[in-house]
Amino acid sequence: MALPPQLRSIQHHLRTAQEHEKRDPVVAYYCRLYAMQTGMKLDSKTPECRKFLIKLMDQLETMKKELSDNDSITQEVVGNAHIENYALKMFLYADNEDRGGRFHKNMIKSFYTSSLLMDVLSVFGELSEENIQHRKYARWKATYIHNCLKNGETPQAGPIGMDEDEEAGEFGDEGFSGMGPSHGGSFRGGPTSQFNEGQDQSLGPGPAPGIGFTPSPGSGPSGPPNTNYNNIHIPPGAHAPANTPAELPPPTGEAVKPVPTPRSLPAVDPSLLSAQQQGGVQLSPEDFTKAQKYCKYAGSALQYEDVATAVQNLQKALKLLTTGKE
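Residues numbered from 1 in each chain as written. Predicted model: local features only at pLDDT ≥ 70, side-chain atom pairs only at ≥ 80, totals over all residues. Heavy atoms only, no water.

Q: Just to check I follow, could you spell out the overall build of the protein chain for this structure?
A: The helix and strand inventory of the protein chain stands at 10 helices and zero strands. In the protein chain, the order of α-helices and β-strands from amino to carboxyl end is α-α-α-α-α-α-α-α-α-α. Long-range pairs, those at least 24 residues apart, make up 78% of the contacts in the protein chain with a sequence separation of at least 6. Of the accessible surface of the protein chain, which amounts to about 16,600 Å², a share of 53% is contributed by carbon and sulfur atoms. (Helix = DSSP H or I, 4+ residues; strand = E, 2+ residues; numbered from the N terminus. Contact = heavy atoms within 4.5 Å. Areas by Shrake-Rupley, 256 points an atom, 1.4 Å probe, with all protein chains shown as cover.)

This is how it looks when you write it as structure tokens:
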């Protein structure tokens, strides 16, 4: 069923759901849930929109039954941690490529997809200020780098400022078909089927091979304006999440042996190694909920082999449970 024009703003969230159908059904589920909730606000009255949204609800119900044994679906706090970790990993992958001056379509797509997943986090409640900054910066970076490459210019690598009122270009339907392989950066595209597997053509012409957008009039590459985004916290040792677009394998038939990545681990607070609850500490229901949340975050981080984040969250949980303070 074709996406009604009134619901055009959710098309990329639905496309992200399709791309993750097999790779990560949890991401697919929450992208569709966000699209459904947003679509209800946009237009649930006209027959075509109502019919489309009812079909989307049915799809969500089917997915919920199929994933009934998945904690990320049955427990909001786990689902929140799963989506937030995935979005941040994708952001960090793109940010590392950007800081290294490696500009390519997969990196642009990762920036933009991370911003879409930050949108999706709103199904769990209000976004944190940090996530709002990440979303705005990622969307703007995707637009800025795309415009530079499209115009044959070399983007400025790493965090740069942007005007407070400057908005990212509107992403549309036509894809990257007009952009050459590489301009001032390395194009390292993964197989296009990785992006378009199971593509529903009702969402408009498929991107080729990544997301597409239509820059606003006169929104070409801009130099570093005013607001500084260097204060965005980027944890060390960041790496791409599972199924993030990878480099093409070398032409030789030899298998490439993985190179172990050195891990940067946070220092462990010695006082927590033999931690016991201090006398007189009264924990509120909110404290128990926070401690549980930290443990869930740690478990979700371990799914991505992110030891540093897991250790940090477990230490926060231990400190809260033993002292009643964060």
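Q: In this structure, what is going on with the pattern of salt bridges? I would like to understand it.
A: Pairing is possible between side chains of opposite charge, provided their charged atoms come close. One pass over the structure, following the stated rule, counts eight salt bridges. One salt bridge in this structure joins Lys 109 and Glu 19, with 2.9 Å as the shortest N-O distance. Highlighted residues: Lys 109 in helix H6 (residues 105–120) and Glu 19 in helix H1 (residues 11–19), separated in sequence by 90 residues. Members of the salt-bridge network, linked through shared partners, are Asp 119, Arg 135 and Arg 139. (Salt bridge = Lys/Arg side-chain N within 4 Å of Asp/Glu carboxyl O.)

Q: For this particular structure, what's the right way to read the packing of helix H2 (residues 25–42) against helix H5 (residues 76–99)?
A: A packed helix pair is summarised by two numbers, namely the angle formed by the two axes and the spacing between the axes. At a minimum axis separation of 10 Å, H2 and H5 run at an interaxial angle of 100°. In terms of orientation, H2 lies roughly perpendicular with respect to H5. Mapping the contact onto sequence places Val 26, Val 27 and Tyr 30 in H2 and Gly 79, His 82, Ile 83 and Tyr 86 in H5. Across the contact of H2 with H5, the residue classes break down as five nonpolar, two polar and no charged. (Axes fitted to C-alpha atoms, helices over the stretch in contact; angles between N-to-C directions. Parallel < 35°, antiparallel > 145°, perpendicular 65-115°, else oblique. Nonpolar A, V, L, I, M, F, W, Y, C, P; charged D, E, K, R; others polar.)

Q: Can you help me understand the nonpolar core in this one?
A: Across soluble globular proteins, you tend to see nonpolar side chains buried next to one another. Judged by nonpolar contacts, the single largest core of 34 residues is most densely connected at Tyr 29, Tyr 30 and Ile 83. Sorting the residues of this core by element identifies H1, H2, helix H3 (47–66), H5 and H6 as the ones contributing at least two each. Membership of the second largest hydrophobic core comes to 18 residues, among which are Leu 92, Tyr 112, Ala 142 and Cys 148. (Core = buried A, V, L, I, M, F, W, Y, C linked by side-chain atoms within 4.5 Å. Buried < 20%, exposed > 50% of the residue type's maximum accessible area, 1.4 Å probe, protein only.)

Q: Would you explain the packing of aromatic side chains in this entry?
A: For any pair of aromatic rings, the description rests on two quantities: the centre-to-centre distance and the angle between the ring planes. Applying the stated criterion across every chain, the model contains seven aromatic pairs. On the numbers, 5.0 Å between centres and 55° between planes, the contact of Tyr 30 with Phe 124 is tilted. You can see Tyr 30 sitting in helix H2 and its partner Phe 124 sitting in the loop between H6 and helix H7 (129–150), a full 94 residues away along the chain. Among the residues examined, Tyr 30 registers a relative accessible area of 4% and is labelled buried. (Phe/Tyr/Trp six-rings, centres within 6.5 Å; stacked < 30°, edge-to-face > 60°.)

Q: Before we go on, may I ask you to explain the environment of Val 26 in this structure?
A: Mapped onto the fold, Val 26 is located in helix H2. Its relative accessible area of 4% is what places Val 26 among the buried residues. With 45 residues separating them in the primary sequence, Val 26 and Asp 71 have C-alpha atoms 9.8 Å apart. Not counting chain neighbours up to four residues away, the residues in contact with Val 26 comprise Asn 70, Ser 72, Ile 73, His 82 and Ile 83.

Q: For this particular structure, what's the right way to read the packing of H6 against H7?
A: Closest axis-to-axis distance for the H6/H7 pair is 8 Å, and the angle between their directions is 150°. For the element pair H6 / H7, the angle class is roughly antiparallel. With respect to the hand of their crossing, H6 and H7 are arranged in left-handed fashion. Of H7, the residues touching H6 (which contributes Met 107, Ile 108, Phe 111, Tyr 112, Ser 114, Ser 115, Leu 116, Met 118 and Asp 119) are Asn 131, His 134, Arg 135, Ala 138, Arg 139, Lys 141, Ala 142, Ile 145, His 146 and Leu 149. The residue makeup of the contact of H6 with H7, split by class, is 10 nonpolar, five polar and four charged. (Left-handed = near helix turned anticlockwise from the far one by under 90°.)

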